[in-house]
Amino acid sequence: MKQRFWTADWFAGLVYGAVFLLVAYVLFPTVFQRLETGAYDLGVNLTRATPSKNIAVIAIDDASINTLGRWPWPRDYHADLIRMLSQDGAKVIGLTIFLSEPQVDQGGIFIRDMMNFYDHCSSLGSVAPFGSSGATVPAATTSTPAASSDCGGAPTAAPAGTTLSVPPQVKQDLLTLRGKMQLAEQTLNADATLAASIKSAGNVVIPMLFKLGEPLGNPAGRTPDYLLRNALGPLVSTPNNADQPYPARSMLAPEAIFAKSAAALGFLDDLPDADGTLRSEPLVLRYYGIYYPSMALAIAMRALNLQPQDVRVEPGKGVKVGNLFIGTDAHFRMHNFYYTAGNGATPFPVYSYADVYLGKIPPAAFQGKIVLIGATALGIGDRFPTPTSANMAPVMVIANVVSSILQQNFYTVPPWTHTVTLIAILLLIAYLTLVMPHLKPGWAALLSMLLLTALCAIEFGFMENRFVWIQLMLPALLLVTGHLFMTVKMFRVTDKLRLRSEADSAESNKMLGLAFQGQGQLDMAFEKFRKCVMDDSMADLLYNLGLDYERKRQFNKAGSVYKYVADYNPGFRDVSQRLKRSQQIEGTVVLGGGTTANGTLILGDSVQKPMLGRYQVEKELGKGAMGVVYQGRDPKINRVVAIKTMALSQEFEADEIDELKRRFFREAETAGRLNHPHIVTIYDAGEEHDLAYIAMEFLKGRDLTHHTKPGTLLPAPLAMEIIARAADALDYAHAQNVVHRDIKPANIMYEQDTGAIKLTDFGIARITDSSKTRTGMVLGTPSYMSPEQLAGRKVDGRSDLFSLGVTLYQLLAGQLPFRAESMATLMFKIANDMHAPVTTLRPDLPGCINTLMDRVLQKNPDMRYPRGADFAHDLRACAAKIGH
């Protein structure tokens, strides 16, 4: 059995290695090569090298265009700049601007037309021919009228061989006119001016272009000598004729006037990789058997005072420039280095063209330097991604290549590196097939990680320290994917064996899970169910377990159960919808409390109705300052109840919660002992997670808040009777030593059909009054509080009567007796100011109402009604006088 397991793993690893190599080298080589180039880019960025200090860039940037005018500029600008740089002592000037077409100047054309007109006009030539002191009519003109068509004037005739008699001054003026026209033509010829400046400098390198591709025939004509003098010597003879520069089928050379004047020419053709990134520079191109250098190589040659005959092109090795040897690939491409500088600076000094042209840069800046002139402004020429920049101007690319040549900072790929890559792949296949299956998972992961680290260290280490590119990312990918493949394969077999052994105890785990679920221990039930073999019957049991979690408002755990079922069968019942719903609710529910902010339970058709204790929550009735009221049902006796909740962990500090819980249930127990027709009946109190709740009598109707505004006031006798009944209820509660502490219209329920009233919120008001919210404010409604309650002194039943008096005043007058813009002013008025008589707002009320209100709203509790029954008696007596 053990031998078969080893053989299966060996065969699987070998097959995987073969498939990997087939995909990497045959089917998708370009895709896998991008992994290597990505590692190459990272290695370039990790490597630090010092750029040549003898390179400076003059940038045709946006600032220069704004200063000197829109591009292209007249070529005499470049002529002036080259003249200045030459005088400043620049070593080499690299002008990267293409000069393959003449500059057309309309003024020059016009002057040349005038000169042609002068030279070919017979009458002018007969008077003062250019270069003569006299004007003799040629013999050939004796039979034809002179200049009848050349000058456009009337035909003139002169005897053959005769000399016209013209004043000497006129002759001299005509000769001077011809000379001035010639001078103007020379001045307006910008190409001649630039060519003269290039020739005078003697160190200017200009670009040319090739169209790459194998020639289909012979060249159109003989290559001019002024181009051939830039050609490199023949290739060094080698047995491998396949190592050749890239061929070109056509050439775009500079204008002859420039090519003859330049010190050297070099091509500016770029060969980006498949992803469009420039990582290498072709140093040599082949054009009909003649080899031309790149512009960067030509600049480096001039900097080293070398001629084309001093360069040797060695196939399979590289290019020897004087005593410098540049290692290249088979097509003479150099993997040049791209320099970086900190803080976003450029590695080479860059000067604005306009600043140099206008003399703002001192001449010493370019003395003995290689000066590269090129465009960096957006919209002028192409820009290329490189390993260190996503958008590099061509002139900056040339600067990096020239520095790489002079500083010998370039990457080579020696032939032995391919052997190293192949050996690494074979060793890793052997590791995956022969070693890894015999290791424990932890040790296998550790060893694979060490091998991966070693591969990365070798590749990046050689790049940073030796400028050698050993391509090991493909072996690294083989290691990672092979490790995952072998791990999945081995564990799949192990899991099958484990599931087979667990199948024997599946029935016992299922029975234990059902027992735990029946006892409400849902977590233990889930643990047992997961040990059973998954099938449709187990999916059904787990689905019901998820419903139980929903009832407990543990939506995160319900989601875990649904996900477990969905992994087995996503189409089982509505498990996918319930999983999505649970995940959504999980993000908004305070798990463990089962509520959102303010204690709101999640209700809906797609979620099992939550349970609070033995009560099933059916819908939300309203929200208060510290909790939410729900309509619930006691399923055992089918009684509808109102459930008021309070999320203690959300409203109080953590160190207060335990004490608050004790006081909450003590007060709820006290309120539950009250049995009065006008006091809401308390059925039950409890706590689930961090949510405290009280189940009470479900009341119909609405609270009195609706009747406290003008236009919605109740009839005065009815309002006074409601308050009288509330006073009777308070009298009973005070006799039981229970103080409400939060009497207000919102806590008095009134059912219009039956006329019944109920006082609510007994018990909760007391705890909220003596505790503070998270902001430190005393809970309650200050507008209805008695002066002693606002002052924080001990209160008794007379404080409730004061609040009941404020409520009566608002029900009768449609406004509060004490009003202010700020809380501080309101509290001052309640403690010190007298209220306005009710009859000033309601003249229809009897005067006894003022006497009654004055007593119940006394600042001193000793001067108020001592009992609610007394207040109720006087209130009914006063109400009887209305209408009499």
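What you see is a predicted model, and the numbers here were worked out from it, not measured in a lab. (Residues numbered from 1 in each chain as written. Predicted model: local features only at pLDDT ≥ 70, side-chain atom pairs only at ≥ 80, totals over all residues. Heavy atoms only, no water.)

1. Remarks on the state of the cysteines
Put simply, the test is: Working definition: a disulfide is two cysteine sulfur atoms within 2.5 Å of each other. Helix and strand assignments come from DSSP, with helices taken as H or I runs of at least 4 residues and strands as E runs of at least 2, each series counted from the N terminus. Only protein chains enter the calculation, and the probe is 1.4 Å; a residue is then buried if its accessible area is under 20% of its type maximum, exposed if over 50%, and partly exposed in between.
One pass over the full model with this rule turns up one disulfide. For Cys-848, the disulfide goes to Cys-878, at an S-S distance of 2.0 Å. Around the S-S axis, the bridge from Cys-848 to Cys-878 shows a dihedral of about 85° and counts as right-handed. Of this pair, Cys-848 sits in helix H29 (residues 848-856) while Cys-878 sits in helix H30 (residues 868-879), and the two are 30 residues apart along the sequence. The pair formed by Cys-848 and Cys-878 is uniform in burial state, with each residue classed as buried.

2. Observations regarding the nonpolar core
It is characteristic of soluble globular proteins that their nonpolar side chains tend to be buried jointly. Keep this limit in mind: Nonpolar cores were defined as sets of buried Ala, Val, Leu, Ile, Met, Phe, Trp, Tyr and Cys residues, with membership established by side-chain atoms within 4.5 Å. When checking whether two residues touch, look at their non-hydrogen atoms; a contact exists if any pair is within 4.5 Å.
If you look at the biggest cluster of nonpolar residues, it comprises 61 residues, and the most contacted ones within it are Leu-808, Ile-849 and Phe-871. Element by element, the count of residues in this core is highest for helix H24 (residues 716-735), at 11 residues. The residues touching Phe-871, leaving out its near neighbours within four places in the chain, are Ile-723, Ala-727, Leu-801, Leu-804, Leu-808, Leu-852, Val-856 and Tyr-865. Core analysis: the second largest hydrophobic core is formed by 51 residues, Val-284, Ala-298, Leu-306 and Val-397 among them.

3. Focus: the packing of helix H27 (residues 797-813) against H29
The criterion, for reference: Lines fitted to the C-alpha atoms define the axes, with helices restricted to the stretch that makes contact. Angles between their N-to-C directions range from 0 to 180 degrees. The handedness criterion is simple: a crossing whose near helix is rotated anticlockwise from the far helix by less than a right angle is left-handed, and one whose near helix is rotated clockwise is right-handed. Each residue is assigned to one class: nonpolar for Ala, Val, Leu, Ile, Met, Phe, Trp, Tyr, Cys and Pro, charged for Asp, Glu, Lys and Arg, and polar for all the others, Gly among them.
Running from N to C, H27 and H29 cross one another at 145°; their axes reach a closest spacing of 9 Å. The chirality of how H27 crosses H29 is left-handed. Facing H27, whose interface residues are Leu-801, Phe-802, Gly-805, Leu-808, Tyr-809 and Leu-812, H29 presents Ile-849, Leu-852, Met-853 and Val-856. Partitioned by chemical class, the residues of the contact of H27 with H29 number nine nonpolar, one polar and no charged.

4. Some words on the pairing of strand E7 (residues 284-287)
The condition is simple: We call two strands paired when DSSP finds no fewer than two bridges between them.
Side chains Val-284 and Arg-286 of E7 all project onto a buried face; the interleaved residues Leu-285 and Tyr-287 project onto the opposite face, where all are buried too. Here three bridges tie strand E4 (residues 246-252) to E7, and the two strands are oriented parallel to one another. Looking at the pairing, Pro-247 lines up with Arg-286 of E7. In this sheet, strand E8 (residues 290-293) lies alongside E7 in antiparallel orientation, the contact comprising four bridges.

5. Observations regarding the sheet that holds strand E10 (residues 318-321)
On the basis of which strands lie adjacent, the open sheet formed by three strands has the order E9-E10-E11 and antiparallel pairing. One side of each edge strand has no neighbouring strand; the edge strands of this open sheet are strand E9 (311-314) and strand E11 (324-327). Put simply, the sheet's adjacent strands are angled 15° from each other on average, direction ignored. Pairing geometry for E9 and E10, over four bridges, is antiparallel. Considered in E10, the bridge of Val-311 is made with Val-321.

6. A few points about the packing of aromatic side chains
Counted only if it meets this: We call Phe, Tyr and Trp rings a pair once their centres come within 6.5 Å, taking the six-membered ring for Trp, and we label the pair stacked below 30 degrees between planes, edge-to-face above 60, and tilted otherwise.
Under the counting rule described, the total for this entry stands at 22 aromatic pairs. Between Phe-337 and Tyr-339, the ring centres sit 4.9 Å apart and the planes meet at 85°, which makes this aromatic pair edge-to-face. By relative accessible area, Tyr-339 is classed as buried at 3%. Between the aromatic rings of Tyr-865 and Phe-871, the centroid separation amounts to 5.3 Å while the plane-to-plane angle is 40°, which identifies the pairing as tilted.

7. Focus on the sheet that holds strand E25 (residues 748-750)
Spatial ordering of the open sheet is given by E24-E25-E26, a layout of three strands whose pairing is antiparallel. Lying at the two open borders of the sheet, with one neighbouring strand each, are strand E24 (702-703) and strand E26 (757-759). Here E24 runs beside E25; their pairing, made up of two bridges, is antiparallel. By the bridge assignment for E25, Asp-703 is matched with Met-749.

8. Comments concerning the confidence of the model for the protein
The following threshold applies: pLDDT runs from 0 to 100 and stands for how confident the predictor is about each residue.
The predicted model of the protein averages 81 in pLDDT, with 79% of residues at 70 or higher. Of all the helices and strands in the protein, helix H25 (residues 764-769) carries the lowest mean pLDDT, 47, while strand E2 (residues 92-95) carries the highest, 96. For residues 1-6, every residue scores under 50 in pLDDT, and the model assigns this stretch three contacts once sequence neighbours within four places are set aside. This stretch, residues 131-150, has a pLDDT under 50; its non-local contacts, to residues over four places away or in other chains, come to 41 contacts.

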